[in-house]
Amino acid sequence: TFTGAEIALNNPDAIREVSIITNQFRAEYGHNAASIVNVVSKSGTNDYHGSLFWFHNDEYLNACNNLDKVATGAPTGFCNKNAASDARKRAPQRNENQIGFTFGAPLTLPVFGEGGELFWKGTNRTFTFLDYQRWSDRSLVSGPTLNGAPTAAGRAVLQSVVGNRPQVQALLNSVPAGIPNGTFATFVLNGQTHRVELGDFTGSAKFVFDDHQGSVRLDHSFNQNNQFYIRYRFDSQDSSGGGQVTPPGLTTINELRSSALAIVLNTVLTSRSSNEAHLAWVRFSSRGDAEFPLSKAIPQMGIAGLGMIVSNSQGARLTLGFPNTLPGFREHDTYQITDAFSYVSGRHSMKFGVEVRRTDARLLGILNTRGTVGYPSPTPLNISNLINDTAQSPTKNFLLPGGDSEGFYRWYEFYAFAQDEWRIRDNLSLTLGLRYEYPGDPFSYITELNGRILAANGNNPIFRLGPLPETDVNNLMPRIGFNWNPRTGKKGISGFLTGGDKLVVSGGYARTYD
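The text that follows walks through the structure, step by step, so that each part is easy to find. Residue indices follow the written sequence of each chain, beginning from 1 at its first position. Restriction of local features to residues with pLDDT of at least 70 applies here, the model being predicted, together with a cutoff of 80 or more for giving and counting side-chain atom pairs; totals for whole chains, interfaces and linings are based on all residues. The side-chain values count all of the structure's non-hydrogen atoms but skip hydrogen atoms and water molecules.

## Notes on the overall build of the protein chain
Selection rule: Helix numbering and strand numbering both begin at the N terminus, where a helix is a DSSP run of H or I of at least 4 residues and a strand a DSSP run of E of at least 2. We compute the radius of gyration over the C-alpha atoms and compare it with the globule rule, which gives 2.2 Å times the number of residues raised to the power 0.38. Accessibility here uses a 1.4 Å probe with only protein chains present; expressed as a share of the type maximum, an area under 20% marks a residue as buried, one over 50% as exposed, and anything in between as partly exposed. Should any heavy atoms of two residues lie within 4.5 Å, those residues are counted as being in contact. His is not counted, nor are the chain ends, whereas Lys and Arg count as positive and Asp and Glu as negative. Taken as the charge location is NZ of Lys, CZ of Arg, CG of Asp or CD of Glu.
Each helix and strand in the protein chain was counted, giving six helices and 20 strands. Expected size for 514 residues packed as a compact globule is a radius of gyration near 24 Å; at 31 Å, the protein chain overshoots this value by more than 25%. C-alpha atoms of the protein chain, sized along the principal axes, occupy 95 × 75 × 65 Å. Buried residues in the protein chain amount to 37% of all 514 residues. In the protein chain, 70% of the contacts between residues at least 6 apart in sequence involve partners at least 24 apart. Positive and negative side-chain charges in the protein chain, numbering 46 and 44 respectively, have mean positions lying 5 Å apart.

Here's what the structure looks like:
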């Protein structure tokens, strides 16, 4: 979904443990059929401890990729030992720095009043842990090569013959002159065939990236049976110069903000039972817009005869105009309450849990408001359709009466599970479980919006949404898994293949809903 977790954590010194669960045979794991990655952050201790680091990268430490070697803007690309410019003899300009620190200690607070200790220390009870990272990157990014850029001579032909046509002006204003590559595009006007010399152009852009991220964690032990912690993590990213580099002037500026708060209480109830309760909140927002506003002055234009298409053979976008999916934004808040109860009896380790979520999401409700046009090529390197403004399936979206330019979605989810890890023998264990998931009704807003659109358009059935999706309420997921160590002898072929007691055979079955 569009509410996946996006909390950055790039400071390795803030991580205590990373575990990857590659199967879903335990009922406590759900939401999708993929693997589960658990990242455990560090906490403070009775000792003062920390770390400080600095990572640096620049053009003197880098090699060139294939795009850098053919970058346009000088007689040669980068990493050319025979280049006249020193800047072209090495990799493109880059200056990247990551600076960060961590610090953990017992919580220390000043004590006010006369006499006694000046500071209170939470030794053996209360600890703090901080981490922070500042990441900046300044680089020159090379884009794919456009082989259909009109050269200076080709531009002169277009300007003199059809330069007064808006679609041609958009082409000339958006694409610099290419370096001749021996090819020509043709078009027919008033019975006369005109030839436009073409060349190569490889765009480049200045990429700027700034990121601040960090967290603060407080751990407190009420007593040996009740352990509590609260953690807040944040990330703030700003970048420019990303997105499409060829043709120039189509790069984006992006803003990303995220925050996460977690409150956890672990309680030992008896010698056989324990409970773990979580409260969590995650906020994420992302916005993208044009770095150069002029790129939004024209629709997204594709010109097949010049190789300016949505996706070439390498998957690169080479069309004119800002992408029809931008500008855009999305932001969401997720609130979560979970509780898990564990009980051990003999060879059985049982666990039961519930989870409730609320998600509030807001995103752009309408895209492609500038329109999209594509000019097909009847024969290779033919641009007659462009010259005559004969577009194929032009589209443009408009806001319907009663519609919203921004959509707001709210839904509630519920999850529950029960599982039993049964150690049948010392070398054989069996996991049995059942999970239930209610994913909520994220389409309720769409249904309500459609009602307003129908009312604003005289209940015209052409505007009626259908069929309406039904809420999914029957997601029962059985789970079964096993682990078996055959414990063969260390001698013979079997011992050689299994290493004695080092071989473990695992398997299982899980039903999931994604």
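## Section: the pairing of strand β12 (residues 273-290)
Under the convention used in this document: Any two strands with at least two DSSP-identified bridges between them are counted as paired.
Bridging between strand β11 (residues 251-268) and β12 involves 17 bridges; their strand directions are antiparallel. Following the sheet pairing, isoleucine 253 is matched in β12 by aspartate 289. From the end of β11 to the start of β12, which pair antiparallel, there are four residues. The sheet contact formed by β12 and strand β14 (residues 328-345) spans 16 bridges and is antiparallel. The residue of β14 that forms the bridge with serine 274 is serine 342.

## Observations regarding the packing of aromatic side chains
Where we set the bar: Stacked, tilted and edge-to-face pairs are distinguished by plane angle, under 30 degrees for stacked and over 60 for edge-to-face with tilted covering the rest, among Phe, Tyr and Trp rings (Trp via its six-membered ring) whose centres lie within 6.5 Å. Here, a charge over a ring is recorded when the distance from Lys NZ or Arg CZ to the ring centre is within 6 Å and its angle to the ring normal is within 35 degrees.
For the structure on display, the rule yields seven aromatic pairs. Aromatic ring contacts, followed pair by pair, group Trp135, Phe207 and Phe209 into a single cluster. Just above the ring of phenylalanine 78 sits the side chain of arginine 88; from NZ or CZ to the centre is 4.3 Å. Above the ring of tyrosine 229, the side-chain terminus of arginine 217 is found at 4.0 Å from the ring centroid.

## Structural notes on the pattern of salt bridges
Which entries qualify depends on this criterion: Here, a salt bridge means any side-chain nitrogen of Lys or Arg that lies within 4 Å of a carboxyl oxygen of Asp or Glu.
Scanning the entire structure with this criterion turns up 24 salt bridges. The salt bridge partner of arginine 233 is aspartate 131, with a shortest N-O separation of 2.9 Å. Linking arginine 233 in strand β10 (residues 226-243) with aspartate 131 in strand β7 (residues 126-150), this pair joins segments that are 102 residues apart in sequence. Each member of the pair, arginine 233 as well as aspartate 131, is classed as buried. Glutamate 331 is the partner of arginine 287 in a salt bridge, and the nearest nitrogen-oxygen pair spans 3.4 Å. Pair noted here: arginine 287 is in strand β12 and glutamate 331 is in strand β14, with a separation of 44 residues, a long-range link.

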